[in-house]
Amino acid sequence: MKILFLHGWHSVPGGVKPTYLKDHGHKVINPALDDDDFTAAVATAQAEFDRHQPPVVVGSSRGGAVAMNINSGDARLVLLCPAWKNWGTANTVRPDAVILHSRADDVIPFADSEDLVRNSGLPFWTLIEVGSDHRLADPESLELMLEACILDDEDDLQEEPDDILQKDWTRLCYTAALRWANDAEEDWLVVHGSVWSDQLGKRIEHAWCERDAFVVDLALPVGSRIVSKETYYRSGNPEVRNVYSSEDAMLLSVKNRHDGPWGESEQFKE
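Just so it is clear, the structure is predicted and the values come from calculations on it, not from any experiment.

Focus: the sheet that holds strand β6 (residues 127-129)
Here's step 1: A sheet is described by the order of its strands in space; here six strands give the open sequence β2-β1-β3-β4-β5-β6, paired in parallel fashion. Each having just a single partner strand, β2 (27-29) and β6 make up the two edges of the open sheet. Averaged over all pairs of adjacent strands, the angle between their axes in this sheet comes to 20°, without regard to strand direction.
Here's step 2: Across three bridges, strand β1 (residues 2-6) lies against β2 in parallel orientation. Of the residues in β2, the one forming a bridge with isoleucine 3 is valine 28.

Structure (structure tokens):
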């Protein structure tokens, strides 16, 4: 897969992060960006994007600001400690963006990425806390960067029924999870539990689906409803209460005449 990697201020092409992506089999376009002229840096990045049309753009620090300020079409943005408040005019990102940032970053405040998530109206798990400094060059950070880049290429999950993925499921998370598990060709688990709501400032009851290394949460914005299980649990810290096979979930729905959650007295008897 082609990846456009945009380096940070006073960094150079061929650093640890683009090399890591290259070593894992990807074709990495890693242009030298002007350190003094942000407009020139954006022009260089835009030219490289237009020439190669990569499906993923990774931007580190100032390179993250560059990534946010180019016209990248439908490409996935993976932003590493993005310095969007320092350079450029863009202050939002699309729903499929992934942001990695260390809370211990002493160059670009972690709060800047929290503001970016809020500005964009995205769920809190868009922002993944990782690493111990601004560089994000430790093994865990590099692995998560790679995972964020290859997520859509790992499986054919994007070929699931488009109408379900596109539909507005506001306040219908239990019905949505049941519908997905019932209609999908693969065997999905229906999970009932709770997640943290930034908007309400508390945990809320919630339902989602899981299969292997993936989660489908139809309460997320369209375009980012299929996420890796590791990312979902790392960022959202969901608390699982009950897990059902798709068949059991459907039977419980029929038995209790509602889609959930089902109390203790509504479960199947042993």
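Side note on the nonpolar core
Here's step 1: Judged by nonpolar contacts, the single largest core of 28 residues is most densely connected at Leu6, Val57, Val66, Leu79 and Val93.
Here's step 2: If sequence neighbours within four positions are ignored, valine 57 has contacts with Leu4, Leu6, Phe49, Ala67, Ser72, Ala75, Arg76, Leu77 and Val78.
Here's step 3: Of all hydrophobic cores here, the second largest spans 23 residues; its members include Trp180, Ala184, Trp188 and Leu218.

Thoughts on the pattern of salt bridges
Here's step 1: Scanning the entire structure with this criterion turns up 13 salt bridges.
Here's step 2: Sharing partners across several salt bridges, the network here consists of Lys85, Asp112, Asp115 and Arg118.

Quick look at the environment of alanine 65
Here's step 1: With respect to the helices, strands and loops of the structure, alanine 65 is situated in helix α3 (residues 62-69).
Here's step 2: We classify alanine 65 as buried; its relative accessible area is 0%.
Here's step 3: Each C-alpha atom of the pair alanine 65 and leucine 165 lies 30 Å from the other, and the pair is 100 residues apart in sequence.
Here's step 4: In this view, alanine 65 contacts Phe38, Ala83, Trp84 and Trp87; residues no more than four positions away in its chain are not counted.

Notes on the sheet that holds strand β11 (residues 239-245)
Here's step 1: Read from one edge to the other, the open sheet built from five strands follows the order β10-β9-β8-β7-β11, with strand pairing classed as antiparallel. For this open sheet the edge positions go to β10 (226-228) and β11, each flanked by a neighbour on one side alone. Across the sheet, the mean angle from the axis of one strand to that of its neighbour is 35°, orientation sign disregarded.
Here's step 2: As paired elements, strand β9 (residues 214-216) and β10 share three bridges and run antiparallel to each other. Counted as the bridge partner of valine 216 is isoleucine 226 from β10.
Here's step 3: The sheet strands contacting helix α7 (residues 173-183) are β7 (189-197), β8 (202-211) and β9, and the helix crosses β8 at an angle near 5°.

Overview of unusual backbone geometry
Here's step 1: In this structure, proline 261 follows glycine 260 across a cis peptide bond, with omega equal to 0°.
Here's step 2: Mapped onto the fold, proline 261 is located in the segment after α9 (246-256).
Here's step 3: Unusually for a residue other than glycine, arginine 171 sits at a positive phi of about 65°.
Here's step 4: Within the secondary structure, arginine 171 is located in the loop between α6 (162-166) and α7.

Focus on the packing of helix α2 (residues 38-52) against α3
Here's step 1: Here α2 crosses α3 at 65°, and the two axes come no closer than 9 Å. For the element pair α2 and α3, the recorded crossing hand is right-handed. Between α2 and α3, the contacting residues are Phe38, Ala41, Val42 and Ala45 on the first element and Arg62, Ala65, Val66 and Asn69 on the second.
Here's step 2: A per-class count over the contact of α2 with α3 returns six nonpolar, one polar and one charged.

Observations regarding the environment of alanine 207
Here's step 1: One can find alanine 207 in strand β8.
Here's step 2: In contact with alanine 207, not counting residues within four places along its chain, are Cys173, Tyr174, Ala177, Val191, His192 and Asp217.

Each value, and the rule that gives it
Residues numbered from 1 in each chain as written. Predicted model: local features only at pLDDT ≥ 70, side-chain atom pairs only at ≥ 80, totals over all residues. Heavy atoms only, no water. Pairing = 2+ DSSP bridges. Helix = DSSP H or I, 4+ residues; strand = E, 2+ residues; numbered from the N terminus. Axes fitted to C-alpha atoms, helices over the stretch in contact; angles between N-to-C directions. Core = buried A, V, L, I, M, F, W, Y, C linked by side-chain atoms within 4.5 Å. Buried < 20%, exposed > 50% of the residue type's maximum accessible area, 1.4 Å probe, protein only. Contact = heavy atoms within 4.5 Å. Salt bridge = Lys/Arg side-chain N within 4 Å of Asp/Glu carboxyl O. Left-handed = near helix turned anticlockwise from the far one by under 90°. Nonpolar A, V, L, I, M, F, W, Y, C, P; charged D, E, K, R; others polar.

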